[in-house]
Amino acid sequence: MKFQTLRKLIDCCSSDGVSIGQLMLSEQAKESGQSESDTFRQMADYYGIMKEAVRRGIEEPVPSRSGLTGGDASRVHQYVSSGLPSLGVEACTALAYALSVSEVNASMGRIVATPTAGSCGIIPGVFVSSQERYRWEDRHLVMGLFAAGAIGYVIANNSFISGAEGGCQAEVGSAIGMAAGALTELRGGTPEQAVHAVGLALKNSLGLICDPVGGLVEIPCIVRNGFGAVTALAAADMALAGVRSVIPSDEVIGVMLEVGTAMPAKHRETAKGGLAQTPTGRRIMKDLYGANRSRQENGEGESTKP
Amino acid sequence: MRFKDVFSIIGPSMVGPSSSHTGGAVRIGRAARRIFGGLPARAEIMFYGSFAETYRGHGTDLAIAAGLLDYAADDMRIRDALAIADASGMKLAFKTGSNPAAHPNTARLTLRGDGREDIIVGSSIGGGNIELTAVNGFDVKFTMNYPTLLVFHGDRPGMLADMMNIVGGDGINIGYMDVDRKGRSGEALTVMETDEAVPGVLMERIRVLPDVRRVCLADLTAEEVKS
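As recorded in an unreviewed UniProt entry, chain B goes by the name L-serine deaminase, listed as coming from Paenibacillus spongiae. Quoted verbatim from the Sequence similarities (unreviewed entry) field of the UniProt record, the comment on chain B reads "Belongs to the iron-sulfur dependent L-serine dehydratase family." According to its UniProt record, chain B has this under Pathway (unreviewed entry): "Carbohydrate biosynthesis; gluconeogenesis."

The name given to chain A in an unreviewed UniProt entry is L-serine dehydratase, with the source organism recorded as Paenibacillus spongiae. Check the Cofactor (unreviewed entry) section of the UniProt entry for chain A; it says "[4Fe-4S] cluster".

Draft legend 1. Molecular detail of the overall build of chain A. When you go through chain A residue by residue, the secondary structure sums to 14 helices and one strand. Taken over the C-alpha trace, chain A has a radius of gyration of 19 Å; the compact-globule value for 306 residues is 19 Å, and the two agree within 12%. By principal-axis analysis of the C-alpha atoms, chain A measures approximately 60 × 50 × 40 Å. Classification of the 306 residues of chain A by burial places 58% in the buried group. When contacts within chain A are restricted to residue pairs at least 6 apart in sequence, long-range pairs at least 24 apart make up 74% of them. When the 27 basic and 31 acidic side-chain charges of chain A are each reduced to a single mean position, those positions are 4 Å apart.

Draft legend 2. Representation of the sheet that holds strand β10 (residues 212–218) of chain B in the model. All names here are of chain B. Taken in spatial order, the four strands line up as β8-β9-β7-β10 in an open sheet, and their pairing is antiparallel. Looking at which strands have only one partner, the edges of the open sheet turn out to be β8 (174–181) and β10. Averaged over all neighbouring strand pairs, the angle between strand axes comes to 15 degrees, with direction disregarded. Of the pairings in the sheet, the one linking strand β7 (residues 148–154) to strand β9 (residues 187–194) comprises seven bridges and is antiparallel in character. The residue of β9 that forms the bridge with Leu-150 is Val-191. Packed onto the sheet, helix α1 (residues 19–36) meets β7 and β10 and runs at close to 140 degrees relative to β10. Lying on the sheet, helix α5 (residues 159–169) is in contact with β7, β8, β9 and β10; it crosses β9 at an angle near 25 degrees.

Draft legend 3. Inspection of the environment of Asn173(B) at higher detail. Residues and elements named next belong to chain B. Note on placement: Asn-173 falls in the loop between α5 and β8. Here Asn-173 falls in the partly exposed class, since its relative accessible area comes to 45%. In this structure Asn-173 touches Glu-193, Thr-194 and Asp-195, once residues within four positions along its chain are discounted. Within the local environment of Asn-173, its side chain forms a polar contact with the side chain of Asp-195, the two groups lying 3.0 Å apart.

Draft legend 4. Local environment of the confidence of the model for chain B. Mean pLDDT over chain B: 95, with 99% of residues reaching 70 or higher. For this predicted complex, the interface confidence comes out at an ipTM of 0.93, alongside a pTM of 0.90.

Draft legend 5. Geometry of the UniProt feature "domain: Serine dehydratase-like alpha subunit" (unreviewed entry) in chain A. Following the UniProt record, the feature "domain: Serine dehydratase-like alpha subunit" (unreviewed entry) maps to residues 17–276 of chain A here. Taken end to end, residues 17–276 of chain A is 66% helix and 1% strand, and its two terminal C-alpha atoms sit 48 Å from one another.

Draft legend 6. Structural view of helix α11 (residues 221–241) of chain A. With 21 residues, α11(A) should reach 30 Å at 1.5 Å per residue; the first-to-last C-alpha distance of 30 Å fits that figure. Note on α11(A): the residue one or two positions beyond its end, Gly242(A), has a positive phi of about 105 degrees.

Draft legend 7. Seen up close, the packing of aromatic side chains. Residue and element names in this part refer to chain B. Here the structure, examined in full by the defined rule, presents nine aromatic pairs over all chains. Taken together, a centroid distance of 5.7 Å and an interplanar angle of 80 degrees make the contact between Phe-47 and Phe-51 edge-to-face. The residues Phe-47 and Phe-51 share a single accessibility class, namely buried. For the pair Phe-138 and Phe-152, a centre-to-centre distance of 6.3 Å together with 55 degrees between the ring planes defines the contact as tilted.

Draft legend 8. The sheet that holds strand β5 (residues 116–126) of chain B, seen in detail. Residue and element names in this part refer to chain B. Strand order in the open sheet formed by five strands is β3-β2-β4-β5-β6, and the pairing between neighbours is mixed. The two strands at the open ends of the sheet, each matched to only one other strand, are β3 (91–96) and β6 (129–135). Each neighbouring strand pair of the sheet contributes to a mean axis angle of 20 degrees, computed without reference to strand direction. Pairing between strand β4 (residues 105–113) and β5: eight bridges, direction antiparallel.

Draft legend 9. Region of interest: unusual backbone geometry. With an omega of 10 degrees, the peptide bond between Ile219(A) and Pro220(A) qualifies as cis. Residue position: Pro220(A) is located in the loop between α10 (191–205) and α11. Pro12(B) follows Gly11(B) through a cis peptide bond whose omega is 5 degrees. With respect to the helices, strands and loops of the structure, Pro12(B) is situated in the segment before β1 (13–15). The phi torsion at Ala271(A) lies on the positive side, around 65 degrees, for a residue other than glycine. Examined against the element boundaries, Ala271(A) turns out to sit in the loop between α12 (249–262) and α13 (279–289).

Analysis parameters
- Residues numbered from 1 in each chain as written.
- Chains lettered and ligands numbered in written order.
- Predicted model: local features only at pLDDT ≥ 70, side-chain atom pairs only at ≥ 80, totals over all residues.
- Heavy atoms only, no water.
- UniProt positions renumbered as here; feature names shortened; annotations may be inferred.
- Helix = DSSP H or I, 4+ residues; strand = E, 2+ residues; numbered from the N terminus.
- Rg over C-alpha atoms; globule rule 2.2 N^0.38 Å.
- Buried < 20%, exposed > 50% of the residue type's maximum accessible area, 1.4 Å probe, protein only.
- Contact = heavy atoms within 4.5 Å.
- Lys, Arg positive; Asp, Glu negative; His and termini not counted.
- Charge placed at Lys NZ, Arg CZ, Asp CG, Glu CD.
- Pairing = 2+ DSSP bridges.
- Axes fitted to C-alpha atoms, helices over the stretch in contact; angles between N-to-C directions.
- Polar contact = N/O pair within 3.5 Å; in protein donor to acceptor, adjacent residues only side chain to side chain.
- pLDDT = per-residue confidence, 0-100.
- Expected span 1.5 Å × (residues − 1).
- Phe/Tyr/Trp six-rings, centres within 6.5 Å; stacked < 30°, edge-to-face > 60°.

As structure tokens, this is what we get:
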């Protein structure tokens, strides 16, 4: 790839006279040796899987594998049709769709990691609701996924995208930044505005810990995907209105790396701190694993080098 | 660059709930199976770090079993993989250990069968991406994003040149290579990531080179999105 930072991404777009999505598509085709049309088709297949996951969680709600969660997407979707949401119908629909995909994930259904499974609801929530609202063709959204991927590529290589390495800021935070930047471009913003949206969004999730109850990608992951979709809409709106990220977005990514590196292990997906270790979190863990512990464990505490 | 392309960020298509603990874990299991060269009779899996703490909740045991069964990350049979492994005659044992130096999501797989044993260590680094970090005690690093050739051989002058001549002579480009040896003139492992899979006829020419012990091709790219 010819860009390693968001600054360089903007420069490449402006010297080639292309959007972020177009630049990513042609760079990907070059990297893989595949044609642009095959590369596009792959991403279009992924968008199809995302739309199906949005639909499934709303129309066929299923409980998660643990039985702890499920059905919230459908609840919020029905509430939207009551006309009452404080967020307004559009943002609340993005929220419902993001919850939907995350619930499908928790039920071991099929999703696309964007950039991870723990954060798989945010981009589909923003994209599918915006497609309905603005009546965009699929093709437009697929190019938006390339834009989101370009932003995620820079974040992943300069910081991290896994909760085990950098906390929830690395997963949900990265997804919000990617969705915000991509939506800014989809709505006609410049690459520069899209990159400001990334920085604005990332600043809002710095420090967010990864503390899944019982180690499951459910509590609080699913609601954080819902919140994430709404935050992405807000960041894109700010950027389109001309709000700038005074701390350049590449520097914000550097802060995410600094904060994630300093984060204790108990707040990085080990379920040893945060919400997972509240009295209720511990009780849930006991209920889940207390009974069938022997099936799964026969060497806990052993110390061996890999 | 740890992440090479757009499909390591948007993707893979997978069965939930966790790209590191489920999606990446399937790929670690599948890579190990390909290196081993078939379904092992027995597999012992040691989990470290976040894998050790949370594998039950994420179904990482199901995911590794599914990979050893050669399933893809979006195969709906993953949720039944432990039962299927049992029915296939593969004996699995899951253990947890601690190693602060390892990446937080690391698994060590010991596969046995046909009088052979392979020990493979892999880490799941986010978004379904993996890094294999050791094979049979050799410290080598590779990603399974490309067709990967593993050559176990004795360390001697000209060994690498002999292999390069065969691979490069046929127009196959090596994108990345890693070599580790147990000591001077000792046993060595060379790992090559190539832009296209090394065909069987070239593998055979490498296999018959002096001091080559074993050649295997681990290639997930035919079933996965090309990177």
